Amino acid sequence: MKNVIIINGPNLNLLGERETGVYGTVTYADMCAEIAESAESMGFDSCETVQTSHEGEIIDYIHAARLDKCGIVINPGAYTHYSYAIRDAVAAVNIPVIEVHLSNIHAREDFRHKSVIAPVCAGQICGLGKIGYVLALQALLDILARMRGDLL
Ligand code: DQA
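What you see is a predicted model, and the numbers here were worked out from it, not measured in a lab.

Asker: So, the site of the ligand: which residues are in play, and what are the values?
Answerer: Not every one of the 13 residues close to the ligand is listed here, only the nearest: Asn75, His81, His101, Leu102 and Ser103. With respect to the ligand, the side chain of arginine 18 contributes an N or O atom lying 2.9 Å from an oxygen atom. One nitrogen or oxygen atom from the side chain of histidine 81 is found 2.7 Å from an oxygen atom belonging to the ligand. With the chains in place, 99% of the 320 Å² that the ligand exposes on its own is no longer accessible. Each residue belonging to the shell around the ligand can be placed in one class, and the counts come to five nonpolar, five polar and three charged.

Written out as C-alpha cells, the structure is:
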C-alpha cells in the first residue's frame, strides 16, 4: 500500500498570514488540499497531512509512520536548524524521508543555511514553494520503485 504522511512543523499552520513576502498568501488548508489532490493523481493510496508546533509530536509521527507508511515528507520548520532529536528519529526509521522547505533556506539568514536533518534524509527540496511537496512525492515514488527494483 502506498500510504504517505506529510509532516509540517511549527508555524506552518499560519501560512497565508505569516510573513507573506517569504511564504506567500496560500493558506495552509489550501496548500494541503492541493497536495492531497496531487498525491491521489500520482497513485498514492492515502496521503495524511499533519501539522504540529511540538518537537515531541513530530517525533511521534515519525515513529508511527514506520508501521504503516511507505515514506515521509517533512517540513520541520525552524527545528530543521537545530533539532538533533528529530534528526535521530528520521535516522531511526527504515522508510525514505524527504525534507521540504517552502523558502530557499540557503538564501536567507545564516542560521537557516544549515539543516541538521537533511544529512539523514533521502534528499532536500527548498525554495520552490508548495510545489516542493509535490516534487517530494514524485521523488518518493521513484525511490520506492528503485527499492522494489522496478527501475535501474
Ligand atoms: C521553513 C524554513 C525555516 O527556516 C523556517 O523556520 C520555517 C519554514 C520553510 O518552509 O521555508 O518555519 O521550513
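Asker: Explain the nonpolar core to me, using residue names and the numbers behind them.
Answerer: Residues Leu15, Met31, Phe44, Val73, Leu102, Tyr133 and Leu137 are the most contacted members of the largest nonpolar core, which totals 25 residues. Residues within four places of leucine 137 in sequence aside, it is in contact with Val4, Ile6, Ile35, Ala39, Met42, Phe44 and Val73.

Asker: So what's going on with helix 3 (residues 55-68)? Residues and values would help.
Answerer: Because the α-helix completes a turn every 3.6 residues, residues three or four places apart line up on one side. Along its 14 residues, helix 3 runs 21 Å from first to last C-alpha, staying within 8% of the 20 Å computed at 1.5 Å per residue. Turning to helix 3, its buried residues number three or more, namely Ile58, Ile59, Ile62 and Ala65. In a view along the axis of helix 3, the buried residues occupy a sector of 120 degrees, so they form one face of it. Buried residues along helix 3 sit in contact with strand 1 (3-8), strand 3 (71-75) and helix 4 (84-92).

Cut-offs used in this document
For every chain, the first residue of the written sequence is number 1, and numbering continues from 1 along that sequence. pLDDT decides what is reported in this predicted model: residues at 70 or higher carry local features, side-chain atom pairs at 80 or more are listed and counted, and totals for whole chains, interfaces and linings draw on all residues regardless. Hydrogens are left out, water is left out, and the side-chain values use all remaining heavy atoms of the structure. Residues are counted as near a molecule or strand when any one of their heavy atoms sits within 4 Å of it. Throughout this description, a polar contact denotes any pair of N or O atoms lying within 3.5 Å of each other; where both atoms belong to protein, one of them has to be capable of donating a hydrogen while the other can accept it, and for residues adjacent in sequence the pair is counted only when both atoms sit in side chains. Only the protein chains shown count as cover for residues, and all accessible areas are computed by the Shrake-Rupley method using a 1.4 Å probe. Amino acids are sorted into nonpolar (Ala, Val, Leu, Ile, Met, Phe, Trp, Tyr, Cys and Pro), charged (Asp, Glu, Lys and Arg) and polar (every other residue, Gly among them). Grouping buried Ala, Val, Leu, Ile, Met, Phe, Trp, Tyr and Cys residues that are joined through side-chain atoms within 4.5 Å yields what is termed a nonpolar core. The buried label goes to any residue with under 20% of its type's maximum accessible area, the exposed label to any with over 50%, and the partly exposed label to all in between, with areas taken from a 1.4 Å probe on protein chains only. Contact definition: two residues touch when any of their heavy atoms are within 4.5 Å. A run of H or I in DSSP counts as a helix once it spans at least four residues, and a run of E counts as a strand once it spans at least two, with each numbered from the N terminus. Expected helix span is taken as 1.5 Å per residue step, with the number of steps being one fewer than the number of residues. Each direction from the helix axis to a C-beta atom contributes to the arc, which is the arc of those directions.

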